[in-house]
Amino acid sequence: MDKTKQDQLKKEAATKAAEIVENSSSLGVGTGSTVAFFIDALAKRKERENLKLKHIVTTSNRSKKQLESLGFKVDELSQVDDLDLTVDGADRVADNLDGIKGGGGALTLEKNVAINSKKIIWIVDESKLVHRLSGFALPVEVLPISCEQNFKRFEQEGLKPRWRLDENGKRYVTHYGNYIIDLACDPIPAPHGLADYLDHTVGVVEHGLFLDMCDEVIIAHSDGRIEEKKK
Ligand code: 5RP
């Protein structure tokens, strides 16, 4: 699929999600190019219908900047009790709605916002769909203090680690000053087993396996269908 077509599909999924957002609700807003379309669509609703939200929390400075430039007030997650809904993108979505996220490097805040939301909706174009989690290296955020040991251990475990690099070829640094190791094991053999291993590895801050979390995926298909796939 070429980028223009993919962007069109991302926009369609994003526009559909923006229609679902309820007045006076507390909203989590994710990160990425699909979410950027969602923020634009939300701003149009604000203009057209005077949509008002109780709280907005977001998962990156990029999304925060865009929201603020469109007149939304953005709160910190720690200032808000509960979010009614979080809308985010995803890098891969399996048949059972498990996902891989973190392609944009915002996985830690994305997971924290997600687990504090009553409902999670992902917005994707059809190219993100897979039967089992595969086709995208799994992002793992690690503390600099023990990252070399983590990397070696992942190699020994056959997880095919690669350092994520920035546009200058240096190690990519996250919002929290950590590094990202992308695990190129593909397909992910046992997502729950791997998630459990990573959850118990000292030095791992967070990983991009989002399992049993998503309630609904809005999928824009190239034949024009907008599918709302629910858990
Ligand atoms: C960022 C993410 C994004 O949601 C994911 O990478 C999808 O991005 P895009 O909408 O640009 O395809 O997880 O960390």
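Residues numbered from 1 in each chain as written. Predicted model: local features only at pLDDT ≥ 70, side-chain atom pairs only at ≥ 80, totals over all residues. Heavy atoms only, no water.

1. Topic: the site of the ligand
Applied cut-off: Any residue with at least one heavy atom within 4 Å of a molecule or strand is counted as near it. Counting of polar contacts relies on pairs of N or O atoms within 3.5 Å, with two restrictions inside protein: one atom must be capable of donating a hydrogen and the other of accepting it, and residues adjacent in sequence are counted only when both atoms are side-chain atoms. Areas reported as accessible are Shrake-Rupley estimates using a 1.4 Å probe. Residue values count occlusion only from the protein chains shown.
Taken together, 17 residues lie near the ligand, and Ser33, Thr34, Asp91, Gly102 and Lys128 sit nearest. Contact distances for the ligand include 3.2 Å between an oxygen atom and a side-chain N or O atom of Lys10. A distance of 2.8 Å is found between an oxygen atom of the ligand and a side-chain nitrogen or oxygen belonging to Lys128. A total of 380 Å² of accessible area belongs to the ligand in isolation, and the protein chains cover 91% of it.

2. A few points about helix 4 (residues 107-115)
Let me state the cut-off plainly: Working definition: with a 1.4 Å probe on protein chains only, accessible area under 20% of the residue-type maximum means buried, over 50% means exposed, and in between means partly exposed. Secondary structure counts use DSSP, requiring at least four H or I residues in a row for a helix and at least two E residues in a row for a strand, with both numbered from the N terminus.
Most of helix 4 is tucked away, with seven of its nine residues classed as buried. Buried within helix 4 we find Leu107, Thr108, Leu109, Glu110, Lys111, Val113 and Ala114.

3. So, the environment of Lys16
The condition is simple: Every residue pair with non-hydrogen atoms within 4.5 Å of one another is taken to be in contact.
Tracing the chain through its elements places Lys16 in helix 1 (residues 3-20). Not counting chain neighbours up to four residues away, the residues in contact with Lys16 comprise Ile218, Ile226 and Glu228.

4. Focus on the UniProt feature "active site" (unreviewed entry) in the chain
Defined as follows: UniProt positions are given in the numbering used here, feature names are shortened, and annotations may be inferred rather than shown by experiment.
Under the UniProt annotation, the feature "active site" (unreviewed entry) is placed at Glu110. Of note, Glu110 is situated in helix 4. The exposure class of Glu110 is buried, given its relative accessible area of 5%. Apart from the residues within four sequence positions on either side, Glu110 is in contact with Thr31, Thr59, Asp88, Lys101, Gly102 and Phe210.

5. Structural notes on the nonpolar core
Our working rule: Nonpolar cores are built from buried Ala, Val, Leu, Ile, Met, Phe, Trp, Tyr and Cys residues. Side-chain atoms within 4.5 Å join them into one set.
The biggest cluster of nonpolar side chains holds 26 residues, and the ones touching the most others in it are Leu27, Val29, Phe38, Leu42, Leu53, Val87 and Ile123. For this core, the elements supplying multiple residues, two or more each, are helix 1, strand 1 (26-29), helix 2 (33-49), strand 3 (85-88), strand 6 (120-125) and strand 12 (216-220). Per element, the largest residue contribution to this core is six residues, and it comes from helix 2. Among all residues touching Phe38, those that are not within four sequence positions of it are Ala14, Ala17, Ala18, Val21, Leu27, Val29, Val87 and Ile123. Within the second largest apolar cluster, 21 residues are counted, among which are Val140, Phe154, Ile181 and Leu209.

6. Concerning the sheet that holds strand 13 (residues 226-230)
Which entries qualify depends on this criterion: Here, a strand pair is defined by DSSP locating no fewer than two bridges between the strands. Helix axes are fitted only over the stretch in contact, all axes being lines through C-alpha atoms; the angle between N-to-C directions runs from 0 to 180 degrees.
Strand order across the open sheet formed by six strands is 2-1-3-6-12-13, with mixed pairing between neighbours. Since the sheet does not close on itself, it has two edges, and those belong to strand 2 (55-58) and strand 13, each with one partner. Looking at each pair of strands side by side, their axes are set apart by 20 degrees on average, direction ignored. Here strand 1 runs beside strand 3; their pairing, made up of three bridges, is parallel. Along strand 3, the bridge assignment pairs Gly28 with Thr86.

7. A closer look at the environment of Gln6
Mapped onto the fold, Gln6 is located in helix 1. Excluding its chain neighbours within four sequence positions, the residues that come into contact with Gln6 are Met1, Asp125, Ser127 and Lys128.

8. Quick notes on the packing of helix 1 against helix 2
Each pair of packed helices can be described by the angle between their axes along with the distance between the axes. Note the following rule: In these notes the angle categories are as follows: under 35 degrees is roughly parallel, over 145 is roughly antiparallel, 65 to 115 is roughly perpendicular, and the rest is oblique. It is the rotation of the near helix from the far one that decides the hand of a crossing: anticlockwise by less than a right angle makes it left-handed, clockwise makes it right-handed.
One can describe the packing of helix 1 onto helix 2 by two numbers: an axis separation of 8 Å at closest approach and a directional angle of 45 degrees. Relative to helix 2, the element helix 1 lies oblique. Where helix 1 crosses over helix 2, the two elements pack in a sense that is right-handed. The residues of helix 2 that touch helix 1, namely those facing Asp7, Lys10, Lys11, Ala14, Thr15, Ala17, Ala18, Glu19 and Ile20, are Ser33, Thr34, Phe37, Phe38, Ala41, Leu42 and Arg45.

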